[in-house]
Amino acid sequence: MTASAEPRLTDIGPPHYEKYLHPLIKKNYGQWRYHENLAPGVYCHIAESGDRIYTVRAGTPRLLSIQTLRIFAGLADKYSGGYLRFTSRNNLEFLLDDPARIEPLKRELIALGYPVGGTNNAISNIVHTQGWIHCHSSATDASGLVKCVMDAVYDRFTHEDLPAKLRIAVACCLNMCGAVHCSDIAILGVHRLPPKIQPTLTKVCEVPTLIAACPTGAIRPATVDGKNSVAVVEQQCMYCGNCYTVCSAMPMNDADNDGLSIWVGGKVSNARSAPKFSKLAIPFLPNHPPRWPEVVEAVVKIVEVYAQHARKYERVGEWIERIGWPRFFQLTGFEFTRYHIDDFKHAALTYARSAHVRY
C-alpha cells in the first residue's frame, strides 16, 4: 500500500482566512451573542461561552507606506498578540483579549496621529479610489481630497453625536470603484468633455478593440487623412474613460473642465428601510487642489444640516425621504438645476407619481 501524498503547497490564490483569525474568534466562530460599545472606537463582543474580545478602531489614510505598516504591525505585536485587520472602509482594527491594554493602545495611536473612533453614530473612515497617484482615468485626486474632508469632520469621527452612522465615499471618476453609489455622502470626480483623439492613434491602438471598449457605442470607425481611425459621437459619450484604458491616444483629462459632483442618500444596510442608491445633490464643483475648499464646504454643510434636523437612527437618505427633496435643497442652500432631472429612458419608474409634494 502506497503512502498518502503530502498536501501540495501552492501560491495560487490567497491562504485560507481561518489561518489568520484571532484564537478567540476561531474558538467562538458563529457563536457570538451580542456586542457592547464601550467608547468611540471601542467594541466588546461577547460569545455564548462567555469569552470576550475587544476591538479598537482607528482611522488610516488608506494609501500606506511600508514604514506605516511596520508601525501598525509593531502596535499589534505589543498590544493584541499580532492580530489586526482592515475594514472595507480602511479603518484599522486591533483585536485584544485583555481590556487593560485598550487605553495604552489608544494613547499610542493618538500620539502617532491616528484617531480612534468611527463607530456607531459617527463618521467612519472615508473609502476612496486611487486618484492622481495611480489611476489613469481620474478626474480628481482621491487621497488628497479625503485628507481635506476628514480634517474638517475630524470631531465627527472621534465623537458619536450624529443621528445615525454616516458613511462618506470618494471616487475619482464615474467608474466609481469607491462605493459612491451606496454611501450617505459621496464625492464623485467628473469629466465633462469627450476624449481627445491623438494623431498617433493608429500607431499605438487597435481600432476594433477601441471601438468595442465603449459601453455606449459612442466610438465609430472613421477615415482621417486616408487612414483608419475613429470618431466620437459626443451625445452618446458618458465620459467614463474606458476608451483611454485600452488606448493611450484617447486621453480624457482636462484641467479646465474636470471637476467634482456631490451625491447623497445611499446606503447598503437594510435596517429600517431597503438599501438605496445615492442621488445627485450638486452636479459640479471646480477642482481646486490642494485643499478643495468648495467641496469641503459642501460636505460639511450636509453633515451639519443632517445632524441638526434628522431623527435618531435616521440615515441621510431616510431623512431626505421624510422631509422631501425640496426641503433638502432649501435647508442646504444648494441650487436645483436641470441636471438634477433624470432623463434616462427608464427614469419614469423612479419618479414620484403622487400629487403630494412635501416642502
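Our subject is the structure that appears above.
Residues numbered from 1 in each chain as written. Predicted model: local features only at pLDDT ≥ 70, side-chain atom pairs only at ≥ 80, totals over all residues. Heavy atoms only, no water.

Undergrad: Before we move on, could you go through the sheet that holds strand E2 (residues 42–47) and cite the residues and values that matter?
TA: Pairing within the open sheet is antiparallel, and its 5 strands lie in the order E1-E2-E3-E5-E4. Lying at the two open borders of the sheet, with one neighbouring strand each, are strand E1 (32–39) and strand E4 (84–86). Strand-to-strand twist in this sheet, taken as the mean axis angle between neighbours without regard to direction, amounts to 25°. As defined by bridge partners, E1 adjoins E2 across 6 bridges and the pair is classed as antiparallel. Across the sheet, residue Ala39 finds its bridge partner in E2, namely Val42. Along the sheet, helix H2 (residues 66–79) makes contact with E4 and strand E5 (92–96), crossing E5 at roughly 15°. Seen against the sheet, helix H3 (residues 102–112) touches E1, E2, strand E3 (52–58) and E5 and runs at an angle of roughly 10° to E3. (Pairing = 2+ DSSP bridges. Helix = DSSP H or I, 4+ residues; strand = E, 2+ residues; numbered from the N terminus. Axes fitted to C-alpha atoms, helices over the stretch in contact; angles between N-to-C directions. Contact = heavy atoms within 4.5 Å.)

Undergrad: Lay out the layout of surface pockets with the relevant residues and their values.
TA: The space that makes up the second largest pocket amounts to roughly 380 Å³. Considering every element that reaches the lining of the second largest pocket, the biggest residue donor is helix H4 (residues 143–152), with 5 residues. The class makeup of the residues in the lining of the second largest pocket is 8 nonpolar, 7 polar and 3 charged. (1 Å grid on protein atoms, 1.4 Å probe; cavity = no way out; pocket = protein on both sides within 12 Å on 5 of 7 lines; lining within 4 Å. Points joined across faces, edges and corners; volume = space filled by probe spheres on them. Nonpolar A, V, L, I, M, F, W, Y, C, P; charged D, E, K, R; others polar.)

Undergrad: Go over the sheet that holds strand E8 (residues 185–190), please, and point to the residues and values.
TA: As summarised here, the arrangement of the 5 strands in space is E6-E7-E8-E11-E12, forming an open sheet in which the pairing is mixed. Looking at strand neighbours, the two that pair on one side only are strand E6 (127–128) and strand E12 (279–286), the edges of this open sheet. Sheet topology note: the strand E7 (residues 168–171)/E8 ladder contains 4 bridges and is parallel. Paired with Val170 across the strands is Ile187, a residue of E8.

Undergrad: Any chance you could break down empty space enclosed by the protein for me, citing the residues and the numbers?
TA: Evaluated as defined, the whole model comprises 1 cavity of 30 Å³ or more. Its volume calculated, the largest cavity comes out at about 90 Å³. Lining of the largest cavity is provided by 15 residues; of these, Cys214, Ile219, Cys237, Cys240 and Cys243 occupy positions nearest its centre.

Undergrad: Quick one: what's the story with the environment of His35, residue by residue and with numbers?
TA: Among the secondary structure elements, His35 is positioned in strand E1. Assessed through its relative accessible area of 46%, His35 is described here as partly exposed. C-alpha separation for the pair His35 and Val224, spaced 189 residues apart in sequence, amounts to 66 Å. (Buried < 20%, exposed > 50% of the residue type's maximum accessible area, 1.4 Å probe, protein only.)

Undergrad: Please give an account of the state of the cysteines that cites residues and values.
TA: Enumeration according to the criterion identifies 1 disulfide in this entry. Cys205 shares a disulfide with Cys247; S-S distance 1.9 Å. As the torsion about the S-S bond is roughly 85°, the Cys205-Cys247 disulfide counts as right-handed. With Cys205 in the loop between helix H6 (201–204) and helix H7 (207–213) and Cys247 in the loop between helix H8 (242–246) and strand E11 (259–264), this residue pair connects regions lying 42 residues apart in the sequence. Take Cys205: its relative accessible area is 9%, and that puts it in the buried class. Note on Cys135: no disulfide assigned, nearest cysteine sulfur contributed by Cys172 at a separation of 4.5 Å. (Disulfide = S-S within 2.5 Å.)

Undergrad: Requested: an account of the side chain of His340, with residues and values cited.
TA: Relative to the assigned elements, His340 resides in the segment after helix H11 (325–332). Its relative accessible area of 15% is what places His340 among the buried residues. At 2.8 Å, the side chain of His340 forms a polar contact with the backbone oxygen of Ala281. If near-sequence neighbours (up to four positions away) are discounted, His340 is found in contact with Leu280, Ala281, Ile282, Pro283, Phe329 and Glu335. (Polar contact = N/O pair within 3.5 Å; in protein donor to acceptor, adjacent residues only side chain to side chain.)

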